[in-house]
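# Report on the structure
Here is how the chains run, residue by residue.
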Amino acid sequence: MRTGSAVQYDRYGGFDVVELVDQERPEPGPGDVVVEVSVAGLNHIERFLREGRLQEFIDLEFPAHQGVDFAGVVRARGAEVRDLHVGDEVMGHAPHGGAHATWVNVPRGAVVKKPATMTFEVAGSLYLAGCTALSVVRGLRLGPDDTVVISAAAGGVGHIECQLARDAGATVIGLGSPRNHDALRQIGVLPVAYGDGEEGRITEIAEGRPITAFIDNLDGGDNAGLAERLGVAENRFVSSEDRRDLEIRFLRAPGDDSEAAEMLTTLGDLVERHKVQFIISGYYPFEYIVDAYEDLAEMHSRGKVVVGMQPVETGSRLHWYKSEKSRDLRDPVPRSEAS
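Residues numbered from 1 in each chain as written. Predicted model: local features only at pLDDT ≥ 70, side-chain atom pairs only at ≥ 80, totals over all residues. Heavy atoms only, no water.

### A look at the packing of aromatic side chains
Note the cut-off: Here a Phe, Tyr or Trp ring, Trp counted by its six-membered ring, pairs with any other such ring whose centre lies within 6.5 Å, and the pair is stacked when the planes are under 30 degrees apart, edge-to-face when over 60, and tilted otherwise. Helix numbering and strand numbering both begin at the N terminus, where a helix is a DSSP run of H or I of at least 4 residues and a strand a DSSP run of E of at least 2. Buried means the residue's accessible area, taken with a 1.4 Å probe over protein chains only, is under 20% of the maximum for its type, while exposed means over 50%, and partly exposed covers the values in between. Only lysine NZ and arginine CZ atoms are considered, and such an atom sits over a ring when it is within 6 Å of the ring centre and within 35 degrees of the ring normal.
The full count for this structure, using the stated rule, is four aromatic pairs. Centroid distance Y12 to F62: 5.0 Å. Interplanar angle 85°. Geometry classified as edge-to-face. You can see Y12 sitting in the loop between β1 (3–9) and β2 (19–24) and its partner F62 sitting in the loop between α1 (44–51) and β4 (64–65), a full 50 residues away along the chain. Judged by relative accessible area, Y12 falls into the partly exposed class, the value being 27%. One aromatic cluster is present, formed by Y9, Y12 and F62 through successive ring pairs. Its guanidinium or amino end placed over the ring of Y293, R50 lies 5.6 Å from that ring's centre, counting from NZ or CZ.

So this is what it looks like as structure tokens:
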């Protein structure tokens, strides 16, 4: 197969600017690898980038190509690449976007080998959320004496932060809607519902332990004030803006970024050793990528939403893959949270 498809947009905008265009299989440069993508992850920040909400941070050249997370199989390598071979399974990131495609051509340093037991669905969506979460938790230097509150605890980044913090020995209190509380309990988190009285609920579930850190994954609201009332020191509060800055850093990490490669390797090892349970809440065929982004945009996904480039089902049954967590199967969301 030498032809495929890629997501492209030629101006800022909503889902209406997204189009699938024909793609010829690229030829690798001397230090590059061409990967046939099996699964690619979706991230909120990619949508914000396409909508023009990050223009002060990132300059886009049009036509722009979407997608940073991916996993797949090496199909070609440059003359300088010696430690990867055609047929190797890899996961990584596309430094300039373009992972939402049949093939991606990236520098050798932008990929690491996929652990043998890891599914492509997990490997293809681990990079951005995982590196952001790992960077946040490492920065706080959490340990057994810590009790940390994490907002949006069941989200793509939040559920990884929760498990990394727990693995560091901290007690983890997760803010989330009641529909996600069982899922949070399953990963060792003490769940607390958002809304009026949340400060008291946090204090009660902490059972006398001081709250020593707070990770805010939600834009808006007054979680900085909540953290202050809970007694969290200013240098142990991670704001949503701090998280955004980390996401932008990894979104555009160069192909030779050794820290990004080390983090992805570490995350792969944690998943393989069952230290981190990575949640995939929606799986869509590539041609349904707009549906996938609409799902993600509702802001109620548990874990990650991904697209698969080569679903087993084809033709008239392809719609079967449209996520069975679709709107009519989900619990109603309280009006206050939906707003």
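### A short note on helix α6 (residues 198–206)
Note the threshold: The arc under discussion is defined with respect to the helix axis, by the directions toward the C-beta atoms. Residues count as neighbours in contact if any of their non-hydrogen atoms are within 4.5 Å of one another.
Within the span of α6, buried status applies to E198, I202 and A206. What you see down the axis of α6 is that its buried residues fit within an arc of 75°, all on one side. Looking at the packing, one finds that the buried side of α6 touches β9 (147–150), β10 (171–176), β11 (190–193) and α7 (223–229).

### Side note on the environment of G225
Following the sequence through the fold, G225 ends up in helix α7. A residue is classified by how much of its surface remains accessible, and G225, at 12% relative accessible area, is buried. Note: C-alpha distance between G225 and I215 (10 residues apart in sequence) is 13 Å.

### Section: the nonpolar core
Here is the rule: As used in this record, nonpolar core signifies buried Ala, Val, Leu, Ile, Met, Phe, Trp, Tyr and Cys residues forming a set joined through side-chain atoms within 4.5 Å.
Ranked by internal contacts, the top residues of the largest apolar core, which has 56 residues, are M91, L126, Y127, L142, V148 and L164. Mapped onto this core, the elements with two or more residues apiece are α1, α2 (120–123), α3 (127–140), β9, α4 (158–167), β12 (213–215), α8 (240–251) and α9 (258–272). When residues in this core are grouped by element, the largest group, nine residues, is from α3. What Y127 contacts, discounting residues up to four positions off in sequence, is V68, D69, G92, H93, F250, A253, A260 and L264. With 28 residues, the next largest nonpolar core counts V74, L84, V90 and A94 among its residues.

### With respect to the environment of F214
The residue F214 is located in strand β12 in this model. For F214, a relative accessible area of 0% translates into the label buried. Each C-alpha atom, one on F214 and one on V232, is 7.0 Å from the other, the two residues being 18 residues apart in sequence. Look past the residues within four positions of F214 in its chain and what remains in contact with it is V148, V149, L175, N223, L226, A227, L230, V232, R236, F237 and V238.

### Digging into the sheet that holds β2
The cut-off we apply is this: Only strands joined by at least two bridges in the DSSP assignment are considered to pair.
Pairing within the open sheet is antiparallel, and its three strands lie in the order β2-β1-β4. Whereas interior strands pair on both sides, the edge strands pair on one side only; in this sheet they are β2 and β4. Here β1 pairs with β4 via two bridges, running antiparallel. The residue bridging Q8 from the neighbouring strand is H65, located in β4.

### With respect to α9
The test is simple: How far a helix is expected to stretch is found by multiplying one less than its residue total by 1.5 Å. Here a polar contact is recorded for every N or O atom pair within 3.5 Å, except that within protein the pair must consist of a potential hydrogen donor and a potential acceptor, and residues adjacent in sequence are included only if both atoms are side-chain atoms.
The terminal C-alpha atoms of α9, which comprises 15 residues, lie 21 Å apart, in line with the 21 Å expected from a rise of 1.5 Å per residue. Of the positions making up α9, those classed as buried are A260, M263, L264, L267, G268, L270 and V271. Summarising the axial view, the buried residues of α9 lie within an arc of 160°, below the 170-degree limit, and thus occupy one face. Its buried side turned inward, α9 meets β6 (89–93), β8 (111–113), α2, α3, α4 and α8. With a side-chain oxygen lying 3.1 Å from the backbone nitrogen of E259, the N-terminal cap of α9 falls on D257. The first or second residue beyond α9 is H274, which carries a positive phi of 65°.

### Section: unusual backbone geometry
A cis amide bond links F62 to the next residue, P63, at an omega of 0°. By the element assignment, P63 lies in the loop between α1 and β4. Its identity is not glycine, yet A152 carries a phi of approximately 50°, on the positive side. Examined against the element boundaries, A152 turns out to sit in the loop between β9 and α4.

### Considering the sheet that holds β11
With respect to topology, five strands assemble into an open sheet ordered β11-β10-β9-β12-β13, the strand pairing being parallel. With partners counted over all chains shown, the strands left at the sheet margins are β11 and β13 (237–238), one partner each. Direction of pairing for β9 relative to β10: parallel, over a ladder of four bridges. For V149, the partnering residue across the bridge sits in β10 and is I173.

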